[in-house]
Structure formats: C-alpha cells, structure tokens
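# Topology and contacts: notes
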Amino acid sequence: MNRLNQLPTLRITPSEKLSLNYRGKTVQGVAGDTVATALFANGVRVFARSLKYHRPRGLYSLDGECSNTCMDVNGVPNVRTENTLLKDGMVVREQNVKGSADRDWLAFIDKLDWMMPAGFYYKTMHKPAAIWPVAMKQIRKAAGIGVISADYQMKGQYDEMFIKAEVTVIGGGAAGMTAALAAAESGQRVVLLESRPHLGGCFDYRVSTTAEGTPLYERARDLAEKVKLTGNIRVFKHTSMVGAYNNNLITAFQVGKASDTFTERYIEIRSDSVVVATGCIERPLIFDHNERPGVMQVGCAHRMARTYGLLPGSEAVFSVGHDLGLEAAVDLFDLGLKINCVADIREDGQNPELMLALAERKIPVLKGWVAAKAHGCKKVEKVTLSTVEGTVKRQFPCDLLVASAGLTPVTGPFILAQAKMGYDSHTGYFLPTELPEKMFPAGRITGVNHPGAIEASGRLAGLKAAAAAGADVGKTVAEAEKAASVLPGPERGCKLVTAPVKGRKSFICFDEDTTIKNIKQAIEMGFDVPELIKRFTSAGTGPGQGGIPGHNLPLFVAKYTASISTPVPTTVRPPLVPTFLATYAGYNHHMFKHTPLHDSQIADGGIFRNIGVWQRARYFSADFDCREEILNVRNNVGMLDGSTLGKFRIHGPDALKALQRVYVSDMSKVKEGRIKYSAMCNDDGCVIDDGVVVKLGENDYYFTTSTGRAGQTVEWIRYHTRFDGWDFSLVNLTDAMGVINISGPNARKVLSKVVDIDLSSEAFPFSGYREFLIKDAVFVRAMRLGFVGELSYELHVPSSYTQAVWDLLKEAGAEFGIRNFGVEAQNVLRMEKCHVILGSESEQRTNLLDLGLGFLWDRKKADAKTVGAVALRQAEKDAGRLKLVGIRMEDDDRPARDGALIVDNNVRGYVATMRKSFTTGQAVGMALVESQLADIGTRIEIFEDECNGVRLYARVVATPFYDPKGERMKS
Amino acid sequence: MFWKSKPLWGNKTRLKSSYDAVIIGGGLHGLATAYYLAKEHGLTDVAIIEKRFIGFGGAGRNTAIVRANQRTQYNVPLYKEALDLWPVLTKELDYNLMFNNCGNLNLMHSEAAMKAARMTIATAQFHGVESHLIDAKQAKELVPALNISEDITFPIHGAMFHPPGGIVRHDAVVWGLAKGAAKHGVDIHQHTEATAIHTEGGKITGVETSRGRIHTPRVLVSAGGYSAGLIYHMLGIKLPIAVLTIQAMVTQPLKPLLDHVVSSGAYHCYANQTLKGEIATGAHMDQWPNYTTQNTAHYIKHQAEALSDWLPCLRGVKFMRIWGGLADMTPDMAPIMDGNDHYEGFYMDCGWGYFGFKSCSAVGKYMAQYMASGHCPDMLKPFNLRRYENHQLMGETAELVSYTPNN
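Residues numbered from 1 in each chain as written. Chains lettered and ligands numbered in written order. Predicted model: local features only at pLDDT ≥ 70, side-chain atom pairs only at ≥ 80, totals over all residues. Heavy atoms only, no water.

## Looking at the pattern of salt bridges
Our working definition: The working definition used for a salt bridge is a side-chain nitrogen of Lys or Arg within 4 Å of a carboxyl oxygen of Asp or Glu. Note on conventions: DSSP H or I runs of at least 4 residues are helices, E runs of at least 2 residues are strands, and numbering of each starts at the N terminus. Accessible area is worked out with a 1.4 Å probe on protein chains only. A residue is then buried under 20% of its type maximum, exposed over 50%, and partly exposed in between.
Counting across every chain of the model gives 84 salt bridges over all chains. With its nearest N and O atoms 3.1 Å apart, the salt bridge here joins R71 of chain B to E843 of chain A. Of the two residues, R71 of chain B sits in the loop between β3 (65-66) and α3 (75-93) while E843 of chain A sits in the loop between α22 (823-832) and α23 (869-876), which places them in two different chains. Just as R71 of chain B is buried, E843 of chain A falls in that class too. Among the ionic pairs, R859 of chain A bridges to E876 of chain A, the shortest N-O distance being 2.4 Å. Taken as a pair, R859 of chain A in the loop between α22 and α23 and E876 of chain A in helix α23 lie far apart in primary sequence, 17 residues in all. In this structure R859 of chain A comes out as partly exposed when scored by relative accessible area, which is 40%. Judged by relative accessible area, which is 40%, E876 of chain A ranks as partly exposed. Several salt bridges share partner residues, and in doing so they unite R55, R57, D110, D113, E291, R504, K505 and D513 of chain A into one network.

## Re the interface of chain B and chain A
Put simply, the rule is: Here, two residues are considered to be in contact whenever any of their heavy atoms come within 4.5 Å of each other. In protein, a polar contact requires one atom able to donate a hydrogen and another able to accept it; more generally it is a pair of N or O atoms within 3.5 Å, and residues adjacent in sequence count only if both atoms are side-chain atoms. All residues other than Ala, Val, Leu, Ile, Met, Phe, Trp, Tyr, Cys, Pro, Asp, Glu, Lys and Arg, Gly among them, are scored as polar; the first ten of these are nonpolar and the last four charged. At least two bridges found by DSSP between two strands are what make those strands a pair.
On the chain A side, the residues contacting the 107 residues of chain B number 118 residues. If you look at where chain B meets chain A, you find 10 salt bridges. Here K127 of chain A ties to D94 of chain B by a salt bridge, and the two come within 3.0 Å at their closest N and O atoms. Where chain B touches chain A, the interface holds 53 residue pairs in polar contact (both at pLDDT 80 or more). Among the elements of the structure, α2 (58-61), α4 (111-126), β5 (132-135), α6 (170-183), α8 (297-310), β17 (318-329) and α10 (386-389) of chain B are those that each provide at least two residues to the side of chain B that touches chain A. Residues of the side of chain B that touches chain A, tallied by class, amount to 50 nonpolar, 33 polar and 24 charged. Where strand β29 (residues 579-580) of chain A lies against β17 of chain B, two bridges are found, and the strand directions are antiparallel.

## Points about the domain arrangement of chain B
Residues and elements named next belong to chain B. Applicable threshold: All domain edges in this entry derive from an automatic or database-based domain assignment.
Split into domains, chain B comes out as domain 1 (21-62 + 171-241 + 332-389) and domain 2 (104-163 + 242-329). In this structure, domain 1 and domain 2 have C-alpha centres spaced 30 Å apart. Each partner contributes residues to the interface: domain 1 has 13 residues there, and domain 2 has 13 residues. Linking domain 1 with domain 2 are zero salt bridges, by the criterion used here. Here the side of domain 1 that touches domain 2 is composed, by residue class, of seven nonpolar, five polar and one charged.

## Some details on helix α8 (residues 352-360) of chain A
Residues and elements named next belong to chain A. Test applied: Regarding the arc, it is the one traced by the directions from the helix axis to the C-beta atoms.
All buried positions along α8 are accounted for by L354, M355, A357 and L358. In an axial view of α8, the angular spread of the buried residues amounts to 160°, which keeps them on one side of the axis. More than 90 degrees from the buried face of α8, the exposed residues found are P352, E353, L356 and E360. Where α8 starts, the residue carrying a side-chain oxygen 2.9 Å from the main-chain nitrogen of E353 turns out to be N351. K362 sits one or two positions beyond α8 and adopts a positive phi of about 55°.

## Describing empty space enclosed by the protein
All names here are of chain A. Heads up, the rule is: Grid points spaced at 1 Å and placed over the protein atoms alone form the basis of the search, with a cavity being a set where a 1.4 Å probe fits but cannot get out and a pocket an open set showing protein on both sides within 12 Å along at least five of seven lines. Lining residues have an atom within 4 Å of a point. Grid points are joined across faces, edges and corners, and a volume is the space filled by probe spheres set on the points.
Tallied over the entire structure, the rule returns eight cavities of 30 Å³ or more. Roughly 110 Å³ of volume is contained in the largest cavity. Lining the largest cavity are 17 residues, and of these L407, T427, Y429, G493 and C494 lie nearest its centre. Those elements that provide at least two residues to the lining of the largest cavity are β23 (406-409) and α14 (549-560). Grouping the constituent residues of the lining of the largest cavity by class yields five nonpolar, eight polar and four charged.

## Re the environment of D689 of chain A
Residues and elements named next belong to chain A. Of note, D689 is situated in strand β35 (residues 687-697). Each C-alpha atom of the pair D689 and A484 lies 66 Å from the other, and the pair is 205 residues apart in sequence. When near neighbours in sequence (up to four residues on either side) are disregarded, D689 contacts A679, M680, T705, S706, R709, T713 and L838. Side-chain polar atoms of D689 contact the side chain of S706, separated by 2.7 Å.

## Concerning the pairing of strand β6 (residues 158-162) of chain B
Residues and elements named next belong to chain B. With five of five residues buried, β6 lies mostly within the body of the structure. Going residue by residue along β6, you find G158, M160 and H162 tucked away on one face and A159 and F161 tucked away on the opposite face as well. Where β5 and β6 come together, four bridges link them in antiparallel fashion. Pairing of H132 across the sheet is with F161, part of β6.

## A few points about the packing of aromatic side chains
The criterion, for reference: Aromatic rings from Phe, Tyr and Trp, taking only the six-membered ring of Trp, are treated as a pair when their centres fall within 6.5 Å; an angle between ring planes under 30 degrees marks them as stacked, one over 60 as edge-to-face, and anything in between as tilted.
What the rule picks out here adds up to 31 aromatic pairs over all chains. With 6.2 Å between their ring centres and 55° between their planes, Y584 of chain A and F319 of chain B make a pair best called tilted. In this pair, Y584 of chain A is assigned in helix α15 (residues 581-585) and F319 of chain B in strand β17, connecting two distinct chains. The buried category is assigned to Y584 of chain A, whose relative accessible area is 1%. In this structure F319 of chain B comes out as buried when scored by relative accessible area, which is 0%. An aromatic cluster is present here, built from F120, Y121, Y122, F527 and F536 of chain A together with W9, Y95 and W175 of chain B joined pairwise through their rings.

## Notes on the packing of helix α1 (residues 28-40) of chain B against α3 of chain B
Residues and elements named next belong to chain B. Stated precisely, the cut-off is as follows: All axes are obtained by fitting lines to C-alpha atoms, using only the stretch in contact for helices, and the reported angles, taken between N-to-C directions, cover 0 to 180 degrees. The hand of a helix crossing depends on one turn: near helix anticlockwise from the far one by less than a right angle means left-handed, and clockwise means right-handed.
The N-to-C vectors of α1 and α3 enclose an angle of 65°; their axes lie 14 Å apart at closest approach. Considering only the axes of α1 and α3, their crossing is left-handed. In contact with Y35, Y36 and K39 of α1, α3 contributes L85, L89, E92 and L93.

## What about the nonpolar core?
This is how the line gets drawn: Buried Ala, Val, Leu, Ile, Met, Phe, Trp, Tyr and Cys residues form a nonpolar core when they are joined through side-chain atoms within 4.5 Å.
Core analysis: the largest hydrophobic core is formed by 243 residues, its most contacted members being F318 of chain A together with W175 and W310 of chain B. Split by domain, this core shows at least three residues from each of two domains, domain 1 (21-62 + 171-241 + 332-389) and domain 2 (104-163 + 242-329) of chain B. The contact partners of W175 of chain B, leaving out residues within four places of it in the chain, are Y122, F527, L532, R535 and F536 of chain A together with L8, W9, I54 and Y95 of chain B. Formed by 39 residues, the second largest nonpolar core is a distinct cluster that contains A175, A180, A183 and L223 of chain A.

## Notes on the packing of helix α17 (residues 627-635) of chain A against α22 of chain A
If you want to describe how two helices pack, look at the angle between their axes and the distance between the axes. Residue and element names in this part refer to chain A. For clarity, the threshold we go by: The scheme is simple: roughly parallel for angles under 35 degrees, roughly antiparallel for over 145, roughly perpendicular for 65 to 115, oblique for anything else.
It is the contact of α17 with α22, at a shortest axis distance of 9 Å, that shows an interaxial angle of 50°. Classified by the angle their axes make, α17 and α22 are oblique. Here α17 runs over α22; the crossing is right-handed. For the pair α17 and α22, contact is made by E629, I630, V633 and R634 and by A825, V828, L829 and E832, respectively. Looking at the contact of α17 with α22 residue by residue, the class counts come to five nonpolar, no polar and three charged.

Now the structure itself:
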C-alpha cells in the first residue's frame, strides 16, 4: 500500500524500514508505525475475532478502547497493537481464532446469537446437573482471548521511579502543554504525561488553523518545542496515567523507546496539584453491524492518513455528529479519498466554513441522517443511511464508513480521584459535579473545541494548579479567566443514543459482544442500574476497560428505562490502561533482614529459612532431624546466632511503670545483676510475647522480645500507656546488637578462654547478668539462660563486633569441637525442656495460664492495671480451656506429627511439637488439650492426617522430659 | 429469542406497613436467610431492606472462592454444609450458580506453615472433608505455572490441597437467591434505607426506613461491613468488629491457565481463573480501619510483585481492574451470629471478614431456623457474641494476636 509520504504531519519515518513476522510471513513497516498500522499498510483488515460471536474485527479507534486489535506479540497475549509501536523483528499472531482471523471456523457462532440472550448462561446448562461439568469445560475453552504458556518468561527490563512534582499535567495536547507552560512560569516543578509517543493531542494531525492562521499541527509542534526548552517541565511521552489516589498520588507507566534502558517503567508521582487535560475520545455510534472492519471513528481515519500516511479506504461514507467529522471529511477528500456522502446527525449547528468546504468539493451532506446498517462481513461494502427517526433510508456503496456519535471526555482521572460525576445536558458529557481537591480540568474535557479556547483553558488550569501548589501567581489567574471567557465555551453535544435500529446486531460493547438488545433484556429482567447491567451483561468489563460502552450504556439505560430521568454514569476503575504485572512489579526486591553473622553462617553451611522479616540458618546439614547438632549441644558445646531477638532499652522516670503495665510479673522485683523471665498478654490474657528483662539502673532496663514481635513492641507499649502521660524513652536495639548463644557442658571452658571475668557458677550463676569487655574493647551484655537446657551464655554484642566475637569463640572452641547449631536443633532442644515458643505451643487464644506460665503473673500489682489481668482472673475459673501438657507416645518409635489432632468423638486438642528425642530415646512432645485431658497419666487418642482411621495413642506425662531438676543448665 | 424476559425478582412492590420479619441488607446472607425463611419455615411475609441495590456490597465484590478447610471443629461443619449446598441451590433456584469445584491449593512456605496445614488437614479429614498435604512437586503438577524454585522470596515447601472447594459465580448467587426469595413471596425493597430499629420493653417492634415505618417483631441485621455500625447506631450494641477495606483485581481474560484456586498466606496473595478467563487475585486488607473501599497505589504493586514470584508467567499479563470491598473483622476471625439476647426478636449475622461468601448458603439456612423458632440451632451456638466477654476466642486463626485495631 502506498504511503502518503510527504505530509508534514507524519509521525513515521518512511525511509526507515522495520520488519515483523505476521502469521509466519515477514512484512515491512516503517519507524513510527504501530503494529496495527504496519499490518494495515500490508493489507490486513481483520485483526481479530470477537470474544463470543467470533465476528471479524478491524481498526476502530487507534487508542485502544477495545480489543479489536488485540493480538499476541512475541508470546505476550492481548497486546493492543493499535498503540504499540513497531519494533524490528516482532512476531505477531492472531488470538481467539480457529484458523485465522480472516477465515475463522468458529464464525458460525455469530448466527447463534438468538440462543444467547443476556445472562443466558445463568438459565442454562444446569439441567440435568451432569451437563454442567461438561459445559463448563467448553465455556472455559471458549472464554478468554489470549494464551500465555505456564512457563512463559517475560523479557525486558522493568524500571520504577518515584518522583515529586508541584504540578502534574495529564495529557500532552495543546491544553496540557499550555497548562504545563503556565504552571512552569512560576518556577514550579511540572511533570507532563502523554500517552502517545509524541506531544500534540488533537492538534497533532489537523491542518485547520488557529485564529492567527497557523495550522494546528504547527501550533502543536511550536508548543512542544517551548515545553522542551522549559527546564522545569519534565516530559514523559508514551506514558499512560493509570491511577489517582489520595493527596494526588498519581501512578503511570512509560513504554521505553528502543534507545531506552527500560522496556517499561512504573512511575509514581507525589503531586501537589494536578491538571487533567486528557481530552476526548469519540462516542461510538450504535447501529447495525457498527463494528465491521472498515467502520472506524473519525480520529482513527484522520490519523491513519495524517499521522501514518495511510489512506484508510478508497470510497467512504461519513456518519458523524460533530464538526471534527466534517473537518476530517474535507481533509481526507483533499488527500484523495472519494466520499460518497456525509451524514450528520445534527439538523443544524454545523460550522458554516466546513459546510462551505464540503459543498465546494461537491460532497453530498445529509443533515439529520445517520448510519443504520453496515453491509458486508469482513469488510464494509455498503451502508444504509437513515433519517434519525428511521423514516427514510438510502444506501451508498463504500469500503470505509467513518462513524462517530460525537465526543466523550476522558474523565477517568477524576473518577479515580473520587469525583462525583453528573450528566451535563449541554455537552451531553458526564463531568465532575465537584472537582476533587487540587485537581483542575483543561481543554476539550471541559467541552470546548475552539483551538484558542482549548489553549486558554489550559493556561487557566495551569495557573490554578500552580497556585494550589503554593505558587504566587498574582493576578494572572484573573487575567487568564478573562481571556478564556471571551472565547467560545463548551459546545452543545450530539445527544443521539442509537440509530433507529432494533439492536440485535448493534453493539454497545465490542469486547464482550454486548448488543443493545442484550441491554434491553437485562432491563426487562429488573436490572435497572447501569452498574448492575454491566455485571449482568458484562458490557464494559473487557480488555478495553469500558472505553466503548462507558458513555453509551448509561445514556441507553436512561433512554430505555422510564424510571430513570437522568443518565447515571458507571464507575471506572484503575488501572485506566491495562498494565503488565511485570511493570507494576518493577525491580521486585527481596527484602529480608540479615543478621551480622549472616555471611559466616552461609560459609558454615547454614541452610536458611525466612522467619518473619529475617533470614535465619535453620539447619547446618542435610539431616533435617539435626541429630549431630543436637547431640553436640547436649554433650559438648554449640553456638547459635540469636541476633534476630528483639532487643530494647527503656529508661526515664516512668520506665518501670510502663513495664509493670505490659508485663504480667512484678517488674519492681527485678534485681540488678539478675535476669527476669516474663511475658506480655493482651486484653484477653493471651500471651503475645515473652522474654527477659535486665535492670541496668533505676528506671533503666534492657529487655528482649521474641523475634516476631520485635517490630511491634514499641507500639504495643506506647499504645497501652497512651492515656497516662508517662515519661519514658524506648529504644529499639534489635538491629544494633547481635546475639551469640553458646551452649553445652563445655560452654564455660570456651568462654573463659576469651573473657577475663570469673565465670564460676558462684560468680556468674544461672539467671545472672554481667557486663564486661572482651579484649578490653568490645562491650558485652552476658546472660545465663537455659532455653536449650544446658549451661548456656547469651552474649549481646554491638552488631559491628558480633562477627569478631563469634570468630574468637569459634577459635577458642575449636579444641572442644564447637560447632554451629541452627533454629531447628534449638527447637528440639528446648522442646525436650518444655520451654515454649509462642506461635508454636501457643496460638491466638492461648492464655498465660493455659501455657502453665501462671506463676509469672503477679496478682497483687493491681495498681499497675496489667494488660490482660482482668481476663486472667476470669479465666482462672474457666474449665473450658485448652491446656499445654507434655505427652509421650506409647510407641517411642512413632512420634505423632506436629499438628496431629487429639480426639475422641470430637476434636479435643492438638499436638503442638513432637519429636523423637535423641537424648532420651523417647517420642515426646507438647500438646494443647482440653483441661479434662490434662491430668498426668491420661491416655490420649491421636488422629493424624492420612491416618485412614488408624489412631495413635500417647499419655500425658510430667514435664520437662530432659533434666527435670535443671541441674545441667544451672551447673 | 428463546426466553421471554421477565423481572427476575418480582416487580417493584409497595413497602407494606407491617411484616413478619425484616431483614436489613440485601446481600447474600440477607437474601439466603429470606429465601429459607420463606421456603422452609413458611415465613413468607418478609421484607428485605437494601439501601442501594442487591449485591452492592461484599456480595458483588468478593472473588467467589468457596471451601471448607477452616481451622476449627466449629467452622468446618458449617462450611462443609455450605459447600454441599451449591449444587442443591442451583437446582432449587433453577439458576446456574456456575459452581466450578476445581479445588483449592493453599501454598505453604515454611516448616511452621506445613505443621499448621497438617492440623487443618487433620481437622478436615476428621470431619469427612477431603484435604491433603502435598509437596511442592505435586503442587507443580497440579498448577504447572507455579514457581517451585528456591530463589524466590518465599520458596514453596508444599501445599494444602482441598479438592471439593472451588469458585462459584457470586453475582449469580445474589440474583438466584433474590429470584428464589421473591418466588416464595419475599418483598425485596432496593434503594430503601433502614434508619432506625424500634424497641419496646426489650422487644423489637419495628424498623424505620427512608420510605416509611414497618411494624415487625423480628429484625435481622446482615448488612456485611456496615452491620457493626448499623447495630451500634440503631441499638447501641457495640461489637468487637473492625471494618477494613480489602482489595481484589483481575487481569485481562486468558485461555485456561489455572485449573485450581491457588493461594499463599506468606505472599498475602491468591489467584484463580474465572470462567471468563480473567485471573482474579487479591488478599490482604488495609492495615487501618476504614469504610472507604478505596484502592491504594501500593496494593496492586504488591500483588504484581508477589505474583511475579510464584506465578511468574503472569508477568506477561496485564491487570485490567482493581476494586475494593469491606471486611468486618472480629478478633478471632470467626463471625458473630446471635439473636434474642439484647432484644427479643433482634438477630445479627455479621463479622464475616472475608468469609461471608463461602458461608452464605448454610448460614441462611440456620439463621432462618433461628429466626423462625427463636432458638439457636446447635450449629450456630459457638458463634455467639458473649464469647468475647468470656475471653473465649474461637481459634479460627492460629496467628498470634498482633498490633491490630482489635487490640
């Protein structure tokens, strides 16, 4: 197909050839082409088949409001080829066809529409019930458009940027550019977003002139040049705005050029104010077969010629409702298109100059006429025009039917910003009845169409936005207002809802193949709200994001439903433009915290797991039962990285009061040089945290929390003291301190090689706390704890020194055979001692008493209003609670799995943790059971998953299982 | 044209001045209760009062997943019954609810999660509900798109596979129940707002609406996310419910890719393919209480990041639409179903969080029984409001209490 290569408006570079593979053949396009225009240049007219009826579909709007040109590009489904720039070597395939788009075996379905009225699937295929599974399979196969393979790997670089702007202008047409320039005058940082690859909007392809006689395309290029030269305007072309959130947070994504380092990038803009200059799309004209290939909108036909140099047909009929249609007819005629007739829906109100131009070219014009039916299947062959009332009809041959009912503003950004939308009876648009805060409309979205008025409204909006963002704009707003007021205001819009047709083949939504007949059926069935009709008929829920039915559906419902007098708009939801998950995901960082010992734990062969926000070494060998790790702690000495523990300091005059509030124990009894183990409960008495507290001085404490709770502890304490006005400071030292746990009978021997203080049991007993320096340099807080049930030291070391201290201990322990143990070994070791881990032996409803930790609770400190104390008092008398008990299997070689149920005829509890203990040779564990089953000696019945009715048995036994007197940990 | 179109749930009717029962909220629970009241208990003089249109709230916003693999013995039988009712209702209502019992796969990403799953599975099996623990490889066989490699944020250890679960077309349930209720004589009053509940001597006497007063001895509030607010404002009963916005989204329609519902707690993310071919996905809630149903910028981004990890082929697919609904959360993730306690004739059915859809059929049946007889059926007894006063949380969630609006 020959291109109009010399037009000054072109956005293609005809000399720069690109090739693409289409259905196995290589075809040529040129730089600047979209995939669809390149295919069109190669004679392709049918791009896809429709979802339900497999009707042939062609170029319609060029802006992606429908799935007509959705194709598979490089294995990516549902690519809107009409606004995807062609890149060399693209592989393009048709979707949803059996055969090809041109010859689709499933095209016969179009004849079966009578079987498929609105919502037919709700009324069929369920009688008898056995049909449904079979029918469902067929529905699944038939539904969907594109295909993605399960192992598909998306190629490309996906970038993200988070920027700040005083003013964001959405839309780079004349109004948007003028707004950006006006806002930039006052020095504001301005961001300008344009969805097409170039600025210019509706001026870009038009040769009609401004009041000064400059062709609009030239004017657009002048403005673009000014924008380019303005340092404080940051322009993002080929960038679609997709979301608007509270406080003018705007999201968008940009498609990268061949020279860019990114394929697409997600952009998030925190903007003080926003100008919406998104302009208009066209309101589709509804008539019979209104979506046949060869039927296209005015802007599409015009831009095909002016932007891409492709005459969209040879012989045309126009059916329009707006002066832009007449303008396009004149211009396309001059470019060589034969025009058999222009039907204008409007009886009057046409621009006389355009009427004169049409008359000069001897193009017949029918006022008050509209297209009623397009003939032909894979391409338009002729058209029946009719008077708007349907009284008289005439036929014209054509291979191009330019059809448009008028304009519809792109108000998505306003709707996303929670604007209430109302019907404006002058323009026929849905416009915001009240503007969202600091958001201003500019250009054609306000209803103006006069080029001067478009620019004037842009300037006004730009200045208002700058003022809203805090700029001193002086009297300029008033001046701009005055300038705009003398220019033509919003134009009266064409109100025609549909051509005079019955509507069986008149499509209101192309993506979902919804006809106006379907809408009528829905209304008759009681669906009288457009939003409900949308759900029932799926109109507007397809890949086009409702661009085709968005305006027409509410108009039609209002026209057809007696009870609705004013059209009610439907909702638009983000993203306004379909957006790749890859683009939203961006870099997709993995965000886990690493302990100071992370690298050495890896070097030592640690097998890591994610635990909350941390990554921790769970195992140190492929033996996930951890036999060697466990026995080494029991018989020798092991080291554990415990750095993930929550660590806090609380100090200030009311520090003790705060601790009294949240801990169940009497914290005034914490002695210096000793550690105290205690727990925190919530208002239900359920345990939410446990840890140790150390007194550093008067009203100065250091305490630990469980790994999972660390992030919430500060808030927890603040929250529960919020009405008291207490004076204390709380410092989260979790990341500032590393923790090394050294445990086992030889722990003292190892540690004594590294520190100078007296480590004897008398000088540093169990439950003791000491501070000292290692190598006269590294400050250490040391605690003697017994979590794993052996002689054990927990060293809290500043993070930057943790590795050094670890290495010293490792070296010192070499002669004893010191080795790492991981979280799983610790889990078994502490289980043998029946020390609980919250979340493992407890769940949400488990309270302090249930865990057998009631001894921690001091009932006398009533004045502290201990969180949870009221509930604990009540629970003391409650027999219907689960209790934590120790259990031992009757068969020591068959431990029940964690999570197995304890049952009789009902569920009575469950196994929290159970292991075959290497130390004792017994299968032992802890279980939460109903209190009636908690007595020692009770035989309990265990139901495991996949047990096939075979139950296991165990008995409640005394705890702990290992070293019941605690001699080893106190040694 | 095969069928003549006629109003699905009756013509618009006049609001009568008196009804035997009034149900506030034209969502799934209200419609189901009305349906069963009329059908099973002969209580046909029932009005449903709906402020907007039926299915406006959670009924039309959920992602339609149904399952019966809850955690406790109180919940599993209720949801099992609900699950079993889908084919029954399809037949009874003569309306295709499009139950796709494709099975649910719940991914586990740690040893601790596998343990938790084992308990849930044992509970299901104990109650005769099919559910199995499978390893990552088996999960991949069921869902070939799954990424079971080690180098993702939360590597997949295994999954809980629950074959009887699946997806039901949620809008169809709304319309089908409305159709069924109307057929048995229930009046559905849309665009009618309940503004007050009248009591006298500890008994319900009537409901005030934007279209006039209704005398009635029984009222059920089942208004989804709006229930707690309504109950407080109308009767002064404060419920331990925090209302949060929860968001969901769909991709563009695709040919069959996912044959099961797949979800991941660690990623806060689930995905299933609707019969239309869209991948419906969503999961966690806003972390602050709000009634806005507004979308937030980072939710959709989070979702894309999560899916990029565990269903990486979806990176080549586009999000098409995101929306929000309300989840009315109780402290123990289990609902409140109660009645005849504060006032004789006052019933409530709320606090469903994001479980309201999967339970609606069975709950409608039992709430109807409750309202018709005045006595609480055994199935609903554990869900009374007093359990919170007694610090007897139900244990439906294993998660330790964290710093949430409930604390």
